[in-house]
Amino acid sequence: MALRFYNTLSQQVEEFSPAHDNTVRMYTCGPTVYDFAHIGNFRTFTFVDLLRRWLRASGFELNHVMNITDVDDKIIRNAAAQHKSLEEYTAIYTKAFLEDCGKLRLEPPERLTPATQHIEDMVLAIERLNTSQHTYTSDGSIYFRIASFPEYGKLSHTDFSGHIAGARVDVDNYEKADARDFALWKAPKEGERFWKTRLGPGRPGWHIECSVMAIKYLGETLDLHAGGVDLIFPHHENEIAQSESLTRQPFARFWLHAEFLMVEGQKMSKSLGNYYTLRDVLDRGYKPEAVRYLLASVPYRKPLNFTFDGLKSAEIAIERLRNFKRRLETDQFIAGCNEKLTFRTAQASKAFIEGMNDDLNTAEALGALFEYVRETNSAMDSGEFRADNVRTAADLLTQFDQVFAILEPTTATSHILDSEVESLIAERVAAKRGKNFSRADQIREQLLADGIILEDTKSGTRWKRK
Ligand SMILES: [Zn+2]
């Protein structure tokens, strides 16, 4: 079965392929860099990473654009409170975001692009919307007239025909019940950062940045647009209204949305004390790959309940797979090939692909893999697994890890001192001499986890930092 996704726009599961050549033109909404990103944000970004990796595993090339929202109400407020310029303030959280993405092994998009570098592009787009009668001005701000776009509501499947014409909303985020004409350009308030432009002084609203950057870099019709479910309304609905009013073309063929993340069964909120940034979780001693695994293991369209027990289970699951990989690499198997097991491996690989092709059903894909690992471990114990079965089993793990990316342990930036390395190497030499090979191996592993690579030569053990 071919790759298929649930499309929020059509409310159907549809077969996916790019419209033109082999390249998927995709746009995903990036972070607002006003604070450290929380684990709910990273659920969506991890979903996007799985999506990227699976599209590529399916043979497509990617042209993926993600924005950085580096101007908005919260940023302006926080920067002013800390007596920092907008640039100084957003640089801190942009850097933190990229570091966090690195820890979670999220691939960078082909283009990561800050909103404030596109002010002129946004001014041009708003001028064109002015010309085509989709806007009006009030108190120096420019609003998109949603009555001018009869299809408004088609993504969130909501009938907004009863809304009050001419009523306006100035904030960027609001509920469906408060659907109003939204701000494309905001007049500056006292003391606020603004840009001097042909539209007058002010700054862009949030929604226009995504329409403008997506069309600029990817063309009038994207293959795929994704984000969290909280963005369906108003953000993505507004992106469609702006973009399609500008181009008269469908803005995106596929819309994919990741569900919410709960913490210990409750909505995450600062007031409940269950609000976690990625940094909070890692500070508790959990490995980033355990967080990645937990976020990836629940299919993106299902709500995810983030629990610390779940993180512990994720660590166990990862260890099981790493042990299996280690066995493939180090166990001695009887020569020959067990054809039944070769067939079983091909079956597991097919089931894994089927799971991922089924709207990225990671639970199904993981289920197929773990069943295979359990059976194969038994076959190894009983001696049925043969030397020539290693390669296909290893290929299956590679196929899995190209998407899930958890098999390699994180080697934290090493803080181990040279003298400590030397004394552990001395201990290892002594252990080997005393034929205590398990201790010697343990030391090698321990050093490797600290980013130290050992090389045994005739003249002794050499070492280097990774
Ligand atoms: Zn967006």
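Just so you know, these numbers come straight off a predicted model, no measurement behind them. In this convention, every chain numbers its residues from 1, walking through the sequence in written order. Local features in this predicted model are restricted to residues whose pLDDT is 70 or higher, and side-chain atom pairs enter the listing and the counts only when it is 80 or higher, whereas totals over whole chains, interfaces and linings include all residues. Note that the side-chain values use all heavy atoms of the structure and ignore hydrogens as well as water.

K.L.:
How would you summarise the packing of helix α2 (residues 73-81) against helix α3 (residues 86-103) if you had to cite specific residues and measurements?
P.N.:
Axes here mean lines fitted to C-alpha atoms, for a helix over just the part in contact, with angles spanning 0 to 180 degrees between N-to-C directions. Think of it this way: any DSSP run of H or I at least four residues long counts as a helix, any run of E at least two long counts as a strand, and we number them from the N terminus. Where α2 meets α3, the axes come as close as 9 Å, and the angle between the chain directions of the two elements is 105°. Looking at the two axes, α2 sits roughly perpendicular to α3. Here I75, I76, N78 and A79 of α2 come into contact with α3, specifically with L86, Y89 and T90. In this classification, the charged set is Asp, Glu, Lys and Arg, the nonpolar set is Ala, Val, Leu, Ile, Met, Phe, Trp, Tyr, Cys and Pro, and all remaining amino acids, among them Gly, are polar. Residue composition of the contact of α2 with α3, grouped by class: five nonpolar, two polar and no charged. These descriptions rest on fixed angle ranges, namely under 35 degrees for roughly parallel, over 145 for roughly antiparallel, 65 to 115 for roughly perpendicular, and the rest for oblique. Between two residues, a contact is recorded if the distance between any of their heavy atoms is within 4.5 Å.

K.L.:
For the packing of aromatic side chains, give the residues involved together with the corresponding values.
P.N.:
Here is the rule: rings of Phe, Tyr and Trp (six-membered ring for Trp) pair when centre to centre is within 6.5 Å. Planes less than 30 degrees apart are stacked, more than 60 are edge-to-face, and the remainder are tilted. One pass over the structure, following the stated rule, counts 25 aromatic pairs. Summarising the aromatic geometry, the rings of F42 and F97 are spaced 6.0 Å apart at their centres and angled 10° between planes, so their arrangement reads as stacked. In this pair, F42 sits in helix α1 (residues 39-57) while F97 sits in helix α3, placing the two residues 55 residues apart along the sequence. Neither F42 nor F97 differs from the other in exposure class; each is buried. Each residue is placed in one exposure class: buried if its accessible area under a 1.4 Å probe, protein chains only, is under 20% of its type's maximum, exposed if it is over 50%, and partly exposed if it falls in between.

K.L.:
Any details on α2? Residues and values, ideally.
P.N.:
Of the positions making up α2, those classed as buried are I75, I76, N78 and A79. Elements that come into contact with the buried residues of α2 comprise α3 and β11 (200-204). In the stretch just after α2, H83 is the one whose phi turns positive, near 50°.

K.L.:
Describe the coordination of the zinc ion, naming the residues involved and giving the relevant values.
P.N.:
Looking at the metal site, the zinc ion is ligated by C29 (SG), C210 (SG), H235 (NE2) and E239 (OE), spaced 2.0 to 2.6 Å from it. Donors, by definition, are the N, O and S atoms found within 2.8 Å of a metal, the threshold being 3.2 Å for Na, K and Ca, and water is not counted, so a site can look incomplete. Square planar and octahedral assignments, for four and six donors respectively, both demand that opposite donors be over 155 degrees apart and that all other angles lie between 65 and 115; tetrahedral needs four donors with all angles between 85 and 135 degrees, and anything else is irregular. For the zinc ion, the four donor atoms in the first shell make angles of 74 to 133° at the metal, a pattern classed as irregular. Spacing between the donor residues of the zinc ion along their common chain follows C-x180-C-x24-H-x3-E. Placement of C210 in helix α5 (residues 206-218) and of E239 in helix α6 (residues 232-247) is noted, with a sequence separation of 29 residues between them. Residue C210 shares its accessibility class with E239, and that shared class is buried.

K.L.:
Break down the side chain of N67 for me, citing the residues and quoting the values.
P.N.:
Along the chain, N67 falls in strand β4 (residues 61-68). Residue classification places N67 among the buried positions, given a relative accessible area of 0%. Engagement of the side chain of N67 in a polar contact is seen with the backbone nitrogen of G30, the distance being 2.7 Å. Under this definition, polar contacts are N or O atom pairs within 3.5 Å; protein pairs additionally need one hydrogen-donor-capable and one acceptor-capable atom, and for neighbouring residues in sequence, both atoms have to be side-chain atoms. A distance of 2.8 Å separates the side chain of N67 from the side chain of E209, its partner in a polar contact. In this structure N67 touches Y27, T28, C29, G30, P31, T113, E209, C210 and M213, once residues within four positions along its chain are discounted.

K.L.:
Lay out the pairing of strand β1 (residues 4-7) in plain terms, naming residues and giving numbers.
P.N.:
Bridging between β1 and strand β2 (residues 12-15) involves four bridges; their strand directions are antiparallel. Bridged to N7 within β2 is Q12. Linking β1 to β2, which pair antiparallel, is a turn of four residues; within it Q11 sits at a positive phi near 60°. Pairing between two strands is assigned when DSSP locates at least 2 bridges connecting them.

K.L.:
Run through the environment of L224, naming residues and quoting values.
P.N.:
Within the element layout of this structure, L224 appears in strand β12 (residues 222-228). As a C-alpha pair, L224 and F254 span 30 residues in sequence and 4.6 Å in three-dimensional space. Apart from the residues lying within four places of it in its own chain, the contact partners of L224 are F5, F16, V24, R25, M26, Y27, L51, L55, F254 and L256.

K.L.:
Report on the pattern of salt bridges, specifying residues and quantitative values.
P.N.:
In what follows, salt bridge is the name for a side-chain nitrogen of Lys or Arg lying within 4 Å of a carboxyl oxygen of Asp or Glu. Tallied over the entire structure, the rule returns 39 salt bridges. Ionic pairing is found between K186 and D172, a salt bridge with its closest N-O pair at 3.3 Å. With K186 in strand β9 (residues 181-186) and D172 in the loop between β8 (168-169) and β9, this residue pair connects regions lying 14 residues apart in the sequence. With respect to class, K186 is no different from D172; both count as buried. For R444, the salt bridge is made with D456, and the minimal N-O distance between the two is 3.2 Å. On the criterion of sequence distance, the pair formed by R444 in helix α14 (residues 437-449) and D456 in strand β17 (residues 452-457) is long-range, its members being twelve residues apart. Taking relative accessible area as the criterion, R444 reaches 31% and is therefore assigned partly exposed. Residue classification places D456 among the partly exposed positions, given a relative accessible area of 37%. One network of salt bridges, in which partners are shared, links D73, D172, K186, E192 and R203.

K.L.:
Describe the side chain of R53, naming the residues involved and giving the relevant values.
P.N.:
Here R53 is to be found in helix α1. Take R53: its relative accessible area is 12%, and that puts it in the buried class. Within the local environment of R53, its side chain forms a polar contact with the backbone oxygen of Q402, the two atoms lying 3.1 Å apart.

K.L.:
Give a detailed account of the environment of E354, specifying residues and quantitative values.
P.N.:
Inspection of the secondary structure assignment puts E354 in helix α10 (residues 339-357). You can call E354 partly exposed: its relative accessible area is 24%. Sequence spacing of E354 and I39 is 315 residues, and the spatial spacing of their C-alpha atoms is 28 Å. The contacts of E354, once residues within four sequence positions are left out, are M1, R4 and E364. Among the polar contacts made by the side chain of E354, one reaches the main-chain amide nitrogen of M1 at a distance of 3.1 Å.

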